[in-house]
Amino acid sequence: MQLSINRESLLKAINLIAKAADKRHNMVILGNIKLQLSESELILTASDLEVELTSTLKLPAGACIEAGATTLPATKLKDICKSLPAQAQVNLATQANERCLLTSGKSRFTLGTLPSEDYPSLGNPESITPLNISRSHLLDLIHKTQFAMAIQDVRYYLTGMLFDVAEQQLTTVATDGHRLALARSVVDVSQELNMQAILPRKAVIELERLASELDKMLGEQDNAVTLSFGREFLQVSLPFGNVDSTGQVSTDLMVTFTARLIDGKFPDYRRVMPSNTDKLALFNQEKMMDVLRRVAILSNEKSRGVVFNFASDGMVEVRANNAEQDEAVEMLQAKYSGEPMELSFNAAYLQDVLGVIQGDLQMHMSQSNASVLVNQLGDEFHQYVIMPMRI
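Report on the accompanying structure. All residue numbers refer to positions counted from 1 along the written sequence of the respective chain. Reporting of local features is limited, given that this is a predicted model, to residues whose pLDDT is at least 70; pairs of side-chain atoms are given and counted only at 80 or more, and all residues count toward the totals for whole chains, interfaces and linings. Calculated side-chain values reflect all of the structure's heavy atoms, with hydrogen atoms and water omitted.

1. Brief notes about the layout of surface pockets
Taken as a whole, the largest pocket spans an internal volume of roughly 380 Å³. Lys19, Asp22, Arg24, Asp48 and Lys202 are the residues nearest the centre of the largest pocket, which is lined by 19 residues in total. Of all elements in the fold, only helix H2 (74-83) and helix H4 (201-218) reach the threshold of two or more residues within the lining of the largest pocket. Residues are grouped as follows: Ala, Val, Leu, Ile, Met, Phe, Trp, Tyr, Cys and Pro are nonpolar; Asp, Glu, Lys and Arg are charged; all remaining types, including Gly, are polar. For the lining of the largest pocket, the class distribution of residues is 6 nonpolar, 4 polar and 9 charged. Buried and open spaces are told apart on a 1 Å grid over the protein atoms alone, a cavity being a set of points where a 1.4 Å probe fits but cannot get out and a pocket being an open set with protein on both sides within 12 Å along at least five of seven lines. Residues with an atom within 4 Å of a point are the lining residues. Grid points are joined across faces, edges and corners, and a volume is the space filled by probe spheres set on the points. Secondary structure elements are defined from DSSP: runs of H or I of at least 4 residues count as helices, runs of E of at least 2 residues count as strands, and each element is numbered from the N terminus.

Okay, here's the thing in structure tokens:
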């Protein structure tokens, strides 16, 4: 294999996929990026057998000197390309002794390779159900819910995000058993389509990163994204080529995201949504965030518990204390209707919800030991459930 390519083109293609490579994996080759070179394109692949990212880069005439394939250490290749001068020409040539020579200007690097035929592939989705959604809506669905995914849990299905299609809506749901985040978007699909898929945590984060990178390139300009759901995989293709004057992205560089879905049954989130709530509190998001930030300083380090005392309309007492007998108390302005009540929350859980809400927020409550529904005033497309705690 022999290639001569502009440093910027190669580095962009590597940067978009390198995070999927896993040098700590039991299979050493998964710490590498696979390169497949043909006359017209260079395909780079990084995978950890859960998420596979592929960059397909169209090549100018003469870039491919000799077609072929190899694998190179992902981190080393990326760091070398980053360190080279802007607009430098990069030359890659594989050698007979499982080595690859990378030269640029007066720089010369020799890297160890592993055979490309040993690189595992996730495969392609079968029995595909395509779903079109605008990139901005996809970003919103992921960003507004991903914080509630469990990090480690024996209930492995909670370490991912549910994508639920029903009644011409796509709903994303994440929960760790203590709080739940839900976001909805209207999608143009048949009324009969009902489908659920659970995307693993790492895949969710990678998909959000790619959509965010595209967002930086396009700014206000939006574009449609096709989510291809299969029996075992989700696949998404995103264009990252040059942006023309009309805001369209060329397909000179395409990134394909493929992720293995979690094989499990997600809990019925509809059953945990509070319905018989007879108490309502209205807060300003910024003021509540400021009060929580101050009061939580003196909360218990483990439980992070903060108490809300709803005694009368106009003011809510927020307080926290810890094992050292320190105490913080602050009055928070609120509109409240209902009987007096005290509720205790994990401050971090409440702060996570406040971090994705702008403006005024509502808390729908029933009793001190029942879950609380939180949403932004006038917004029915995003809902959050938080379980109170005992202090």
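2. Structural notes on the side chain of Arg7
By the secondary structure assignment, Arg7 is in helix H1 (residues 7-15). With a 1.4 Å probe rolled over the protein chains alone, any residue whose accessible area is under 20% of its type maximum counts as buried; one over 50% counts as exposed, and the rest are partly exposed. Taking the relative accessible area as the measure of exposure, Arg7 reaches 11% and is therefore buried. At 3.2 Å, the side chain of Arg7 and the backbone oxygen of Leu84 are in polar contact. Contact definition: two residues touch when any of their heavy atoms are within 4.5 Å. For Arg7, the residues in contact, after removing those within four places along its chain, are Cys81, Lys82, Leu84, Pro85, Ala86, Gln87, Ala88 and Val90. Throughout this description, a polar contact denotes any pair of N or O atoms lying within 3.5 Å of each other; where both atoms belong to protein, one of them has to be capable of donating a hydrogen while the other can accept it, and for residues adjacent in sequence the pair is counted only when both atoms sit in side chains.

3. With respect to the packing of helix H5 (residues 285-295) against helix H6 (residues 347-354)
Angular values range over 0 to 180 degrees, each being the angle between N-to-C directions of two axes fitted as lines to C-alpha atoms, with helices fitted over their stretch in contact. Where H5 contacts H6, the axes come no closer than 10 Å and their chain directions differ by 155 degrees. Compared by their axis directions, H5 and H6 come out roughly antiparallel. The crossing of H5 and H6 is left-handed. Seen from H5, the contacting residues are Gln285, Met288, Met289, Leu292 and Arg293; seen from H6, they are Ala347, Leu350, Gln351 and Leu354. Comment on the angle field: the value is read as roughly parallel under 35 degrees, roughly antiparallel over 145, roughly perpendicular from 65 to 115, and oblique elsewhere. Each helix crossing is assigned a hand: it is left-handed if the near helix lies turned anticlockwise from the far helix by less than a right angle, otherwise right-handed if that turn is clockwise.

4. Quick look at the packing of H1 against H2
Running from N to C, H1 and H2 point in directions that differ by 145 degrees, and their axes come no closer than 10 Å. Classified by chirality, the crossing of H2 by H1 is left-handed. Facing Arg7, Leu10, Leu11, Ile14 and Asn15 of H1, the residues of H2 in contact are Leu77, Lys78, Cys81 and Lys82.

5. Considering the sheet that holds strand S17 (residues 253-260)
Strand pairing is assigned whenever DSSP identifies at least 2 bridges connecting the two strands. Within the open sheet, the 8 strands sit side by side as S6-S2-S3-S4-S17-S16-S15-S10. Their pairing is antiparallel. Either end of the sheet is taken by a strand with one partner, and the two such strands are strand S6 (68-73) and strand S10 (129-134). Strand-to-strand twist in this sheet, taken as the mean axis angle between neighbours without regard to direction, amounts to 20 degrees. Inspection of the sheet shows strand S15 (residues 224-229) paired to strand S16 (residues 233-239) by 3 bridges, in the antiparallel sense. Considered in S16, the bridge of Phe229 is made with Leu234. Where H1 meets the sheet, it contacts strand S2 (32-37), strand S3 (41-47), strand S4 (51-58) and S17, and its direction lies at approximately 30 degrees from that of S3. Packing of H2 onto the sheet brings it into contact with S2 and S6, and relative to S6 it is tilted by some 90 degrees.

6. Details of the pairing of strand S25 (residues 382-386)
For S25, the buried fraction is high: 5 of the 5 residues fall into the buried class. The alternating pattern of S25 places His382, Tyr384 and Ile386 on one face and Gln383 and Val385 on the opposite face, and all of these are buried. Here 5 bridges tie strand S13 (residues 179-186) to S25, and the two strands are oriented antiparallel to one another. Residue Leu182 lies in a different strand from S25, and its bridge partner there is Gln383. When strand S24 (residues 372-376) meets S25, the two strands line up antiparallel, connected through 3 bridges. Following the sheet pairing, Val374 is matched in S25 by Tyr384. Counted along the chain from S24 to the antiparallel partner S25, the turn is 5 residues long, and its residue Gly378 has a positive phi close to 80 degrees.

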